Amino acid sequence: MYDERIAIKGNKDGFNVIIQMDKFGDFNEMLEALLNKLKKGKNFFTGANLIITTELNSINERQAKILKDSIFDQIAVKNCEFRQKEENVKKVFDGVYEGRTKFIRTTVRGGQMLTYPGNIIIVGDVNHGAEVKALGNIIVLGSLNGRVYAGDNGNEKSIIAAFSMSPELLSIAGKITVSPDNFEKSGYPEVASLKDGEMILEPYLPDKYIY
């Protein structure tokens, strides 16, 4: 079956494997899909030069070593190196709707930490003691009771929205609000954003947050 999440392109120097990390649930899912794809064409890749092109900030040093060792052991390539996916290199994640978005279809429970270099949409709750960080926006289709950090690399256009807003902490572009007394349940969706460098909380209004 064709997997659009991984594309392999041949050239005179070898093969370029382009991986869309944001399309996978986690590193292990990506690694399994990649190895399965390479094994199907093992005769082509054995002894070849392989370039892995992806969002390198989505893979830590330990995972990069596991990936490289797995390819050498199971495919027996001649050489394997990594290359940053150029179109995803940005100093600041800019805009409400721009960029990658990760959907979390479960509640983020106390003690869990979730980070993503884009927008995060959570179809569930963020419980007390949970922590969520995103370079873009954070949208919670449920109750927000934990700690959330939007625009975590300085994007002041980022927003935090939830059906029910009672957070332990809100942060947008480094501006932090930690007073839970200010977030009494309103019974309607609310949006936190920055205005003149200060965080404000407003009822959700359609089209208001389009830039």
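Residues numbered from 1 in each chain as written. Predicted model: local features only at pLDDT ≥ 70, side-chain atom pairs only at ≥ 80, totals over all residues. Heavy atoms only, no water.

**Some details on the packing of helix α1 (residues 27-40) against helix α3 (residues 61-75)**
Running from N to C, α1 and α3 cross one another at 20°; their axes reach a closest spacing of 11 Å. Considering their axes alone, α1 and α3 lie roughly parallel with respect to each other. Crossing angle aside, the handedness with which α1 passes α3 is right-handed. Between α1, through Phe 27, Met 30, Leu 31, Leu 34, Leu 35, Leu 38 and Lys 39, and α3, the contact on the second element is made entirely by Gln 63, Ile 66, Leu 67, Ser 70, Ile 71, Gln 74 and Ile 75. Residue composition of the contact of α1 with α3, grouped by class: ten nonpolar, three polar and one charged. (Axes fitted to C-alpha atoms, helices over the stretch in contact; angles between N-to-C directions. Helix = DSSP H or I, 4+ residues; strand = E, 2+ residues; numbered from the N terminus. Parallel < 35°, antiparallel > 145°, perpendicular 65-115°, else oblique. Left-handed = near helix turned anticlockwise from the far one by under 90°. Contact = heavy atoms within 4.5 Å. Nonpolar A, V, L, I, M, F, W, Y, C, P; charged D, E, K, R; others polar.)

**What about the nonpolar core?**
Nonpolar side chains tend toward joint burial in soluble globular proteins. One finds Ile 120, Ile 122, Val 132, Leu 144, Ile 160, Leu 170 and Ile 172 to be the most contacted residues of the largest nonpolar core, which totals 24 residues. Among the secondary structure elements, those contributing two or more residues to this core are β6 (113-116), β7 (119-122), β8 (131-134), β9 (138-144), β10 (147-150), β11 (160-165), β12 (169-172) and β14 (190-195). If we ignore the near neighbours within four places in the chain, the residues touching Ile 160 are Ile 138, Leu 144, Val 148, Ala 150, Met 165, Leu 170, Ser 171, Ile 172, Glu 190, Val 191 and Ala 192. Ranked by size, the runner-up nonpolar core spans 22 residues in total, among them Phe 27, Ile 52, Leu 67 and Ile 71. (Core = buried A, V, L, I, M, F, W, Y, C linked by side-chain atoms within 4.5 Å. Buried < 20%, exposed > 50% of the residue type's maximum accessible area, 1.4 Å probe, protein only.)

**Things to note about α3**
Between its terminal C-alpha atoms α3 stretches 21 Å, which fits the 21 Å expected from 15 residues at 1.5 Å a residue. Within α3 the residues assigned to the buried category are Gln 63, Ala 64, Leu 67, Ser 70, Ile 71 and Ile 75. End-on view of α3: buried residues confined to an arc of 130°, all on one side of the axis. Turned more than 90 degrees off the buried face of α3, the exposed positions are Glu 61, Arg 62, Lys 65 and Asp 73. Buried residues belonging to α3 abut α1, α2 (42-45), β3 (49-54) and β4 (79-84). A distance of 3.2 Å separates the backbone nitrogen of Arg 62 from a side-chain oxygen at the start of α3, and that oxygen is part of Asn 60. (Expected span 1.5 Å × (residues − 1). Arc of directions from axis to C-beta. Polar contact = N/O pair within 3.5 Å; in protein donor to acceptor, adjacent residues only side chain to side chain.)

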